[in-house]
Amino acid sequence: MNVRIYQPAKTAMQSGRAKTHRWQLDCELETPRRPEPLMGWISSGDTLNQVRLSFETKEEAIAFAERKGWSYSVADAPIRRVRPRNYADNFRMDRPRF
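Side note on the confidence of the model for the protein
Right, on to step 1. Predicted confidence across the protein gives a mean pLDDT of 86, with 96% of residues reaching 70 or more.
Right, on to step 2. Looking at the elements of the protein, mean pLDDT is at its lowest for strand β4 (residues 42–43), recorded as 84, and at its highest for helix α1 (residues 58–68), recorded as 96.

Shown next, in the form of structure tokens:
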């Protein structure tokens, strides 16, 4: 089984960075998704894709995957760049255009 280990990005509904410091382990799809014939909903024969495990550190997630004998891929967290801004810069006459 293949799993993916990553740090989730913040959602569009979040202003802060809560719940983005933990590492998550998601199982990748083994079987393709297909529409169910009766209702038309998308279904899959693999129920492990619904499992999402959370860990404090990347090393804990890797150790768990190795203990279970799963192959894994690790996506490192993106570098967060914060540009300092001032409220007064909104009203400058020579402000740069982005």
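Now that the structure has been shown, the text picks up again.
What to know about the environment of R33
Right, on to step 1. Within the secondary structure layout, R33 lies in the loop between β2 (23–27) and β3 (34–35).
Right, on to step 2. Classification of R33 by relative accessible area gives exposed; the value is 52%.
Right, on to step 3. The spatial distance from the C-alpha of R33 to the C-alpha of S43 is 5.6 Å, given a sequence separation of ten residues.
Right, on to step 4. If we ignore the near neighbours within four places in the chain, the residues touching R33 are I42, S43, S44 and N49.

A closer look at the side chain of Q24
Right, on to step 1. Relative to the helices and strands, Q24 resides in strand β2.
Right, on to step 2. Using a relative accessible area of 16% as the deciding quantity, one classes Q24 as buried.
Right, on to step 3. Side-chain polar atoms of Q24 contact the side chain of R52, separated by 3.4 Å.
Right, on to step 4. Residue contacts for Q24: discarding those within four places in its chain leaves R4, I5, Y6, P8, R52 and L53.

Definitions and limits used
Along every chain, residues carry numbers that run from 1 in the direction the sequence is written. Restriction of local features to residues with pLDDT of at least 70 applies here, the model being predicted, together with a cutoff of 80 or more for giving and counting side-chain atom pairs; totals for whole chains, interfaces and linings are based on all residues. Side-chain descriptors were evaluated using all non-hydrogen atoms of the structure, hydrogens and water having been removed beforehand. Per residue, pLDDT captures the predictor's confidence, and it can take any value from 0 to 100. Helical segments are the DSSP runs of H or I of at least four residues, strand segments are the runs of E of at least two, and each set is numbered from the N terminus. Relative accessibility decides the category of a residue: with a 1.4 Å probe and only protein chains considered, values under 20% of the type maximum give buried, values over 50% give exposed, and everything between is partly exposed. Contacts: residue pairs with any heavy atoms within 4.5 Å of one another. Under this definition, polar contacts are N or O atom pairs within 3.5 Å; protein pairs additionally need one hydrogen-donor-capable and one acceptor-capable atom, and for neighbouring residues in sequence, both atoms have to be side-chain atoms.

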